[in-house]
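# Secondary and tertiary structure notes
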Amino acid sequence: MKSCCKAILTSLALLSLTTLLPAHAEDNHAEQAIPGQVDAQKDITVSDGAFHMPAAQTQGLPELYFTLTNNSHSTHLLTSVTSPACKQLVGYHTDQENTVGMRHLFQHLALPEATTLVFSSAGYHMLCMEPVAQVLSQPNVQVSFQFLGGSGKSISATIIPASH
């Protein structure tokens, strides 16, 4: 009787896995087909991109500041920000407790319709984790922004030395 129960349980487990996998694949496809999201890069302007360097490597990390403007009548979602200057860019706030949720803020940031969001030193911005010194020694560095639906936009961010 025990082997019969094991066989039934194994069959049920395999059946549940095979029914879940197609649903998961359909969910991924549905996410990419969200109306109004495919060409988010056409609606969003990224400006004022700048990496502000710390006075010395032991005195902090480079900070990325920028402005996002959503010129459309649809809310868009920012899903990631990357740069060859950093192994990882994470969210940070100057005057608030920096939690795990804060670090991942820019992986699911809503950009409301007809709105400008400014990310500067006095509030929310990004920290450059494990900075790449050779890349940050250039006058400018590429920063890429990805949006829900698969579109993206890249800018050239200015490197601002600590003396400024």
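Everything below is about the structure printed above this text.
Note that the structure is predicted; figures quoted are calculated from it, not measured. (Residues numbered from 1 in each chain as written. Predicted model: local features only at pLDDT ≥ 70, side-chain atom pairs only at ≥ 80, totals over all residues. Heavy atoms only, no water.)

### Remarks on the overall build of the chain
Rule in force here: For helices the rule is a DSSP run of H or I covering at least 4 residues; for strands it is a run of E covering at least 2, with both sets numbered from the N terminus onward. Only protein chains enter the calculation, and the probe is 1.4 Å; a residue is then buried if its accessible area is under 20% of its type maximum, exposed if over 50%, and partly exposed in between. Every residue pair with non-hydrogen atoms within 4.5 Å of one another is taken to be in contact. Here the open area of atoms and residues is found with the Shrake-Rupley method and a 1.4 Å probe, where only the protein chains shown may cover a residue.
Scanning the chain for helices and strands turns up four helices and nine strands. If you list the helices and strands of the chain from N to C, you get α-α-β-β-β-β-α-β-β-β-α-β-β. Buried positions account for 30% of the 164 residues belonging to the chain. Restricting the contact set of the chain to residue pairs at least 6 apart, pairs at least 24 apart contribute 72%. Carbon together with sulfur atoms contributes 58% to the accessible area of the chain, which is approximately 9,900 Å² in total.

### Points about unusual backbone geometry
Even without being glycine, Asp 48 reaches a positive phi, approximately 55 degrees. Here Asp 48 is to be found in strand E1 (residues 44–52). Even without being a glycine, Ala 114 presents a positive backbone phi close to 50 degrees. If you trace the backbone, Ala 114 turns up in the loop between strand E5 (109–111) and strand E6 (115–119).

### Some details on the pairing of strand E2 (residues 63–70)
Heads up, the rule is: Two strands qualify as a pair provided that DSSP identifies no fewer than 2 bridges between them.
E2 sits mainly inside the fold: seven of its eight residues count as buried. With seven bridges joining them, E1 and E2 adopt antiparallel strand pairing. Note that in E2 the partner of Thr 45 across the bridge is Thr 69. Pairing of E2 with strand E7 (residues 124–131), which is carried by two bridges, proceeds in the antiparallel orientation. For Glu 63, the partnering residue across the bridge sits in E7 and is Leu 127. As defined by bridge partners, E2 adjoins E6 across five bridges and the pair is classed as antiparallel.

### Section: the pairing of E1
Residues in a regular strand point their side chains to alternate faces of the sheet. As defined by bridge partners, E1 adjoins strand E9 (residues 152–160) across three bridges and the pair is classed as parallel. Looking at the pairing, Phe 51 lines up with Ile 159 of E9.

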